[in-house]
Amino acid sequence: MGEDTPRLRRRHPFLRTLGVILAVVVALAIVAGGLGTWTVLRSFPQLSGNLKVAGLSAPVTVYRDDAGIPQIVAQTADDLFRAQGFVQAQDRFWEMDFRRHVTAGRLSEMFGASQVGTDTFIRTLGWRAVAEQEVKLLDPTSLRYYQDYADGVNAYLTTHKGADLSREYAVLGLQTPGYTPEPWTPADSIAWLKAMAWDLRSNLEDEIDRAMLATVLAPVQVAELHPTYPYAQHPTITGIGGGSATTTTPEIVPAVAPSAGSLEELKTSLAALPALLGPAGPDIGSNSWVVSGAHTTTGKPLLANDPHLSASEPSVWYQIGLRCATVSAACPFDVAGFSFAGLPGVVIGHNDRIAWGFTNLGPDVADLYVEKVTSGNYEYDGALVALTTRKETIKVAGGKPVTITIRSTQHGPLVTGITNAFSAIARDQGGKAGLRPVNSELSLQWTALTPGHTASAIFAIDTAKNWQEFRAGAKLFEVPSQNLVYADVDGNIGYQAPGRIPVRAAGDGTVPVPGWTSAYGWTGYIPFDALPTVFNPDKGYIATANNAAVGPSFPAMITQDWNNGYRANEITNRLNAMIASGKKLSIDDMARIQADTYDANAAVLAPLLTALPGTSDASPAIDLLRGWNYHDDTNSAAAAYFAIFWRNLLNDAFARKLPKSAPPVGGDRWIAVVGQFASQPDSAWWSDSRLGVSGRDQMFELAAVQAYHEAVRLMGPKPSDWRWGSIHTLQLTNGSFGKSGIAPIEALFNRGPYAVGGSSGVVDAVGWDASLGYEVTRVPSMRQVIDLADFNRSTWINLTGASGHAFHPNYVDQTTLWRSNKTRPWPFALDAVRTRAKDTLTLNP
């Protein structure tokens, strides 16, 4: 079910259960030909000729290039979104159906009783309930577009059933015979925004990690392992609130400090939830930067963007163009870019006047509260307040319905009792506050559980013609909060941080706090006009890579847990160097920066390693690092050895001293942690009496020898034959059946492994989890470079392909280009679209 949280990412519980049920049945079905060629081909959509689509008012044309990317031209906005719904259902309906069951807490209807726990948690959070409220908040025009989209999806469903929709339905039918998808609704689309917000929730894992570390470490040690952003060394996005920050000890609230055991269970529970975009945490991010025409070969801005999300099959992104035949107030769309299957409009891309990119801002938007609960009441400021309750029934395929009761305080839903983990943490925290265990429960306050207007923001941004209109659209983009980078054909560039970011009465959001008092409550949100924004900066560019948006003296607290800025530093260094030399940047230059594999971590640690006396078994491997350029390229032997050394160093120096469920995972934070001790050879972190090691150099030598022997086991005895890509591999995994553990099923839907370069903490952020191994956990999920002088010169690439149908020619056809850091032409003008069209389909009323 997507990528699970690091350290616990192996096989999802529902897939283990599903695997047991399906293993024999599927094997027999494949032998019998039940899932054979005919089943494959029958779901492939018609891409050329003519089709009748109910609800259209006039013919709609769908052009597709050789990658199967649709460009839709319609006479009216209503027909445009009806056609988008129809076309995305052609390509990706299983993905859409699976996602809406996740976001509604209805996986049990598809996969049976193994999913009741997951469904219970998601229903407790209320993603679907909030989405239904947001439908009611839509302005009339946006509501009409969402309904048009749903009508288009449903037009496809009326003529396609079962395996005609997608091959996955044939597999599902082996376990759940008779399953039939329901009609699509606007709430199905909007609920996906809640899944986006959950996976981009930023620092909830950091809060848990701090509290877990506090059970075995002193506060100063916790602070050392969660260092503040290095403002003196790495850039902020805006330059606002500049200055240097001193290392501070995170606030620990003693009355509710949790125990290690309860927090380990809590992390396990979070890991069991669906992660549709990628593993949660600070390393789920993106790169995006824009350069003004003063520094480009075209004389107009260039804008680059590559969001870092999970490596899924199909890609989370869907490339599309949406064009009104005549652009007018009644039909204002002329836009192309990346969307999500199931969501109308374009999320990232450009129209005929402006372009934009997204990276995750990462604000602290979720808090855990310990509540004093007695029967149906909870305590708040000395008074008893009645819990808000509602009942929901979970339908279970092959089993009896399960009725659950969802309880909430004013902070949010009570998550106690859903899993043992949440119950345990509540008891432990409450016990430290002098509460009887029966009275201690845990609630979650999260901005995405308050209905908002993000669903309308997409259309507002898609049709914006200038900076003012773009900011008006950005103001609606409340959850999840993003860094929005902007450029327009008039030569302007800009940055806006939108979002609903809480203001706290007390505390810094880094640890769980008492819920029985208003002292730690949210008092409001940072006003939009007080959020960071920049327009046409003097330096001529704006770069975002999940680094700190503002400096430490910014008047509002956005988060204490910024990404540490190694990618941002490399991007800005390269831009500064080219600008200082007088070189004008081209589209190719922007793409080369996206492909940058420079490893700042290696640049600090490798010289220390090569300076060790050359007498150990590891000497032949260490020799690889001499003269290395510190780039994590696919064919680099040095990069392979350094990665193995890094993983062993983290384990030897740190993991042995930490709770088992809080091991070092690598990435920006751990690069910063180790970097601060690299210049302290006598730091206590480098010594371990159990290993017989004292000091940095001995610890480095131990890790180097261990890494050498591991490298020999993994890649053979000759260091010159080692290759980073031989162990750093990408597996494209189907979100539902791809981790079943059943080889025939996985072979149907998964693709790979592929040898790749890049790493965690580098611009080409093909990340991996050092506590698990070297396999890829997150990737640049797409790449785009937009030329504001001529949109037809823009380029784009997706991780996989346009189609979600296994074995379709466009299932993984873009992957080869993607892994080589190459891109595809991105035609925009209608003549250019027609020229590159391989297939033309006319949808008729």
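Here goes a summary of the coordinates provided. (Residues numbered from 1 in each chain as written. Predicted model: local features only at pLDDT ≥ 70, side-chain atom pairs only at ≥ 80, totals over all residues. Heavy atoms only, no water.)

1. Describing the overall build of the protein chain
- The secondary structure content of the protein chain amounts to 26 helices and 31 strands.
- With 845 residues in all, the protein chain has 64% of them scored as buried.
- Expressed as a percentage of contacts within the protein chain between residues at least 6 apart in sequence, the contacts between residues at least 24 apart total 74%.
- Split by element, the accessible area of the protein chain, about 27,500 Å² in all, is 53% carbon and sulfur. (Helix = DSSP H or I, 4+ residues; strand = E, 2+ residues; numbered from the N terminus. Buried < 20%, exposed > 50% of the residue type's maximum accessible area, 1.4 Å probe, protein only. Contact = heavy atoms within 4.5 Å. Areas by Shrake-Rupley, 256 points an atom, 1.4 Å probe, with all protein chains shown as cover.)

2. Re the side chain of Ser781
- Position of Ser781 among the secondary structure elements: in the loop between strand 27 (776–780) and strand 28 (782–787).
- Of the polar contacts made by the side chain of Ser781, one reaches the side chain of Trp317; its length is 2.8 Å.
- Residues in contact with Ser781, not counting those within four places in the same chain, are Pro307, His308, Leu309, Ser315, Trp317, Asn798 and Leu799. (Polar contact = N/O pair within 3.5 Å; in protein donor to acceptor, adjacent residues only side chain to side chain.)

3. With respect to unusual backbone geometry
- Cis geometry is adopted by the peptide bond preceding Pro314, which originates at Glu313 and carries an omega value of 0 degrees.
- Along the polypeptide, Pro314 turns up in the loop between strand 6 (312–313) and strand 7 (318–324).
- That bond from Gly752 to Pro753 is cis: its omega, 5 degrees, falls within 30 degrees of zero.
- Inspection of the secondary structure assignment puts Pro753 in strand 25 (residues 751–755).
- Here the phi dihedral of Asn821 falls at roughly 60 degrees; this positive angle occurs in a residue that is not glycine.
- Inspection of the secondary structure puts Asn821 in the loop between helix 25 (815–819) and strand 30 (824–825).

4. What to know about the sheet that holds strand 24 (residues 729–734)
- The mixed open sheet is built from three strands, whose spatial order is 6-24-25. The open sheet is flanked by strand 6 and strand 25, the only strands paired with a single partner.
- Taken together, the two bridges between strand 6 and strand 24 define a ladder with parallel strand orientation. Looking at strand 24, one finds that Glu313 is bridged to Asn734. (Pairing = 2+ DSSP bridges.)

5. Comments concerning the packing of helix 3 (residues 77–104) against helix 9 (residues 186–199)
- Orientation of helix 3 relative to helix 9, taken along the N-to-C sense of each, is 65 degrees, at an axis distance of 9 Å. Classified by the angle between their axes, helix 3 and helix 9 sit roughly perpendicular to one another. Crossing of helix 3 over helix 9 shows left-handed handedness. Across from Arg99, Arg100 and Thr103 in helix 3, the residues of helix 9 making contact are Asp188, Ala191, Trp192 and Ala195.
- A class-by-class count of the residues in the contact of helix 3 with helix 9 yields three nonpolar, one polar and three charged. (Axes fitted to C-alpha atoms, helices over the stretch in contact; angles between N-to-C directions. Parallel < 35°, antiparallel > 145°, perpendicular 65-115°, else oblique. Left-handed = near helix turned anticlockwise from the far one by under 90°. Nonpolar A, V, L, I, M, F, W, Y, C, P; charged D, E, K, R; others polar.)

6. Quick word on the pairing of strand 31 (residues 839–844)
- Looking at chain direction, strand 1 (residues 49–52) and strand 31 are connected through four bridges and run parallel. Residue pairing in the sheet places Lys52 in a bridge with Asn844 of strand 31.

7. What to know about the packing of aromatic side chains
- Evaluated as defined, the whole model comprises 48 aromatic pairs.
- Relative to Phe737, the ring of Phe111 has its centre 6.0 Å away and its plane inclined at 80 degrees; by these criteria the two rings are edge-to-face. On the criterion of sequence distance, the pair formed by Phe111 in helix 4 (residues 108–111) and Phe737 in the loop between strand 24 and helix 24 (743–749) is long-range, its members being 626 residues apart.
- Phe111 gets classed as buried once you look at its relative accessible area, which sits at 2%.
- You can call Phe737 buried: its relative accessible area is 1%. (Phe/Tyr/Trp six-rings, centres within 6.5 Å; stacked < 30°, edge-to-face > 60°.)

8. Looking at the state of the cysteines
- Counting across every chain of the model gives one disulfide.
- Shown here is the disulfide that connects Cys324 with Cys331, its sulfur atoms set 2.0 Å apart. Measuring the twist about the S-S bond at about -85 degrees, one finds the Cys324-Cys331 disulfide to be left-handed. Of the two residues, Cys324 and Cys331, neither departs from the other in class, the shared state being buried. (Disulfide = S-S within 2.5 Å.)

9. Thoughts on the packing of helix 3 against helix 7 (residues 140–157)
- Two elements in contact, helix 3 and helix 7, have axes whose closest approach is 7 Å; the angle formed by their N-to-C orientations is 50 degrees. In terms of orientation, helix 3 and helix 7 fall into the oblique class. Pair helix 3 / helix 7 crosses with right-handed handedness. Contacts from Ala77, Asp78, Phe81, Arg82, Gln84, Gly85, Phe86, Gln88, Ala89, Gln90, Phe93 and Met96 of helix 3 reach helix 7 at Arg144, Tyr145, Asp148, Tyr149, Gly152, Val153, Ala155, Tyr156 and Leu157.

10. Structural notes on the sheet that holds strand 8 (residues 334–339)
- As summarised here, the arrangement of the eleven strands in space is 1-31-2-3-7-8-9-10-17-18-22, forming an open sheet in which the pairing is mixed. For this open sheet the edge positions go to strand 1 and strand 22 (533–535), each flanked by a neighbour on one side alone. Within the sheet, the average angular offset between the axes of one strand and its neighbour, ignoring direction, is 15 degrees.
- Against the sheet, helix 14 (residues 454–462) touches strand 8, strand 9 (348–351), strand 10 (354–360) and strand 17 (482–488), its axis set at about 145 degrees to strand 10.

11. Section: the side chain of Ser481
- By the element assignment, Ser481 lies in the loop between helix 15 (467–476) and strand 17.
- The residues contacting Ser481, other than those within four sequence positions of it, are Asn360, Leu361, Gly362, Pro363, Pro498, Gly499, Arg500 and Ile501.

12. Quick word on the pairing of strand 23 (residues 541–544)
- Burial along strand 23 is two-sided: Tyr541 and Ala543 and Ile542 and Thr544, pointing in opposite directions, are all buried.
- Across four bridges, strand 4 (residues 286–291) lies against strand 23 in antiparallel orientation. Bridge pairing links Val291 to Tyr541 in strand 23.

13. Some words on the pattern of salt bridges
- With the rule as written, the count across this model stands at 41 salt bridges.
- Measuring nitrogen to oxygen at the nearest pair gives 2.8 Å for the salt bridge that ties Glu134 to Lys194. Here Glu134, found in helix 6 (residues 127–137), pairs with Lys194, found in helix 9; they are 60 residues apart in sequence, far enough to count as distant.
- Of the residues examined, Glu134 reaches a relative accessible area of 4% and is grouped as buried.
- Classification of Lys194 as buried rests on a relative accessible area of 4%.
- With its nearest N and O atoms 2.7 Å apart, the salt bridge here joins Asp490 to Arg353. Linking Asp490 in the loop between strand 17 and strand 18 (493–496) with Arg353 in the loop between strand 9 and strand 10, this pair joins segments that are 137 residues apart in sequence.
- By relative accessible area, Arg353 is classed as partly exposed at 29%. (Salt bridge = Lys/Arg side-chain N within 4 Å of Asp/Glu carboxyl O.)

14. Some thoughts on the environment of Asp668
- Assignment of secondary structure puts Asp668 in helix 21 (residues 667–678).
- For Asp668 and Asn563, which are 105 residues apart along the polypeptide, the C-alpha to C-alpha distance reads 6.5 Å.
- Within the local environment of Asp668, its side chain forms a polar contact with the backbone nitrogen of Asn564, the two atoms lying 3.4 Å apart.

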